[in-house]
Amino acid sequence: ARTYENILVDKPADGVGQVTLNRPKALNALSTPLFKELNDALQNMDDDPSIRAIIIAGSEKAFAAGADIKEMKDLTFSRAYSTNFIQLWSTTITNLNKPTIAAVSGYALGGGCELAMMADILYCTANAKFGQPEIKLGVIPGAGGSQRLSRAIGKAKAMEIILTGRTFSGEEAEKWGLAAKTFPDFEGLMNGAKETASIIAGNPMLAAKAAKEAVNQSQELALSEGVKFERRLFHALFGSQDQKVGMSAFVDKVKDPKWTH
Ligand code: CAA
């Protein structure tokens, strides 16, 4: 395996992979080298059959304080446009087949908030600090913030947050439906993420991948199209071994079915 300078990789539990952003001196600011490593590690985990769920974490103080402002300061329009700056950020993460959990403590600002929103499940500490402060730098969110935040918490709140640049807490994030759960402290957060990842890792993975794909389509399609998409995947799963295993186990009262995938 390759060694990384800006991230740590780990297997905190059976079937669970974890990537931890690790640029403590810059509060995990998301530089291009960091993102290249993150993408590489995530793709490896998606391809690794021993990993069935993935946690993306930061430190207690910062999940990530945003895109690296020092790297962007002298960026020009022509270079941003011709390199499609930041497109690199979302292509790998949003195309992973396996379920991902973002575990957010401390700052999740700008690109940090956007990264967390790209995960399938967002867990955070109650006092995590989310925000899209780009307006205070003379720009706007560039990694999907205006779109994903609006879909998650609605237009009114997203407008308020993006236009003022104010932060919001983990508690607010949960109340508004952006976070699935909050935890009182960092240790609780990491244990909670690990427990949920372990539960997902113990489920039949073909079904988990299909479930993820179906829920993701709900963010893209009209309702009737989405329901049709779901039904086709539902039908397809009757072609899987795990449907036979799972339903026979229920009927025969077998407690711990052995999944094929
Ligand atoms: N980029 C580069 N460096 C950063 C950074 C960032 N986004 N955030 C923090 N750092 C660096 C600081 O420059 C500082 O480095 P030095 O010691 O070399 O000066 C170090 O991390 C520690 O930061 P602070 O001294 O500022 O720590 P603090 O505790 O006083 O404040 C903070 C913490 C409120 C998070 C503050 O660092 C901050 O406001 N950071 C910037 C947040 C931001 O604007 N993010 C949005 C970026 S734009 C974006 O993300 C675009 C997009 O949509 C993709």
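In short, a report on the structure. For clarity, every value in this text was computed on a predicted model and none was experimentally measured.

### What to know about the side chain of Thr-196
Argument step 1. Within the secondary structure, Thr-196 sits in helix H9 (residues 186-201).
Argument step 2. Leaving out residues up to four positions away in the same chain, Thr-196 has contacts with Ile-101, Ile-121 and Tyr-123.

### What to know about the pairing of strand E1 (residues 7-13)
Argument step 1. Both E1 and strand E2 (residues 16-21) contribute to a ladder of five bridges, which runs antiparallel. Pairing of Ala-13 across the sheet is with Val-16, part of E2.
Argument step 2. What sits between the antiparallel neighbours E1 and E2 is a turn of two residues, in which Gly-15 has the positive phi angle 80 degrees.

### Let's talk about the packing of aromatic side chains
Argument step 1. The final tally for this structure, using the stated rule, is six aromatic pairs.
Argument step 2. Relative to Trp-89, the ring of Phe-35 lies with its centre 4.4 Å away and its plane at 5 degrees, an arrangement referred to as stacked. On the criterion of sequence distance, the pair formed by Phe-35 in helix H1 (residues 32-47) and Trp-89 in helix H4 (residues 87-93) is long-range, its members being 54 residues apart. Each member of the pair, Phe-35 together with Trp-89, is buried.
Argument step 3. Relative to Trp-176, the ring of Phe-168 has its centre 5.3 Å away and its plane inclined at 35 degrees; by these criteria the two rings are tilted.
Argument step 4. Residue Phe-168 is classed as buried on the basis of its relative accessible area, which comes to 1%.
Argument step 5. Grouping aromatic residues by their ring pairs yields a cluster made of Phe-130, Phe-168 and Trp-176.

### Quick word on the nonpolar core
Argument step 1. Counting 45 residues, the largest nonpolar core has Phe-63, Val-104, Phe-130 and Leu-149 as its most contacted members.
Argument step 2. No other element matches the six residues that H1 contributes to this core.
Argument step 3. Among all residues touching Phe-130, those that are not within four sequence positions of it are Val-104, Ala-108, Leu-109, Cys-113, Leu-122, Cys-124, Arg-166, Thr-167, Phe-168, Ser-169, Gly-170 and Ala-173.
Argument step 4. If you look at the next biggest cluster of nonpolar residues, it comprises 15 residues, including Ala-103, Ala-193, Ile-200 and Ala-201.

### Examining the packing of helix H10 (residues 205-218) against helix H11 (residues 223-237)
When two helices pack together, their arrangement is given by the angle between the helix axes and the distance between those axes.
Argument step 1. Their axes nearest at 9 Å, the elements H10 and H11 cross at an angle of 170 degrees. Looking at the two axes, H10 sits roughly antiparallel to H11. Of the residues in H11, those in contact with Leu-206, Ala-207, Ala-210, Glu-213, Ala-214 and Gln-217 of H10 are Phe-229, Leu-233 and Leu-237.
Argument step 2. Here the residues of the contact of H10 with H11 are counted per class, giving seven nonpolar, one polar and one charged.

How each quantity is defined
Residues numbered from 1 in each chain as written. Predicted model: local features only at pLDDT ≥ 70, side-chain atom pairs only at ≥ 80, totals over all residues. Heavy atoms only, no water. Helix = DSSP H or I, 4+ residues; strand = E, 2+ residues; numbered from the N terminus. Contact = heavy atoms within 4.5 Å. Pairing = 2+ DSSP bridges. Phe/Tyr/Trp six-rings, centres within 6.5 Å; stacked < 30°, edge-to-face > 60°. Buried < 20%, exposed > 50% of the residue type's maximum accessible area, 1.4 Å probe, protein only. Core = buried A, V, L, I, M, F, W, Y, C linked by side-chain atoms within 4.5 Å. Axes fitted to C-alpha atoms, helices over the stretch in contact; angles between N-to-C directions. Parallel < 35°, antiparallel > 145°, perpendicular 65-115°, else oblique. Nonpolar A, V, L, I, M, F, W, Y, C, P; charged D, E, K, R; others polar.

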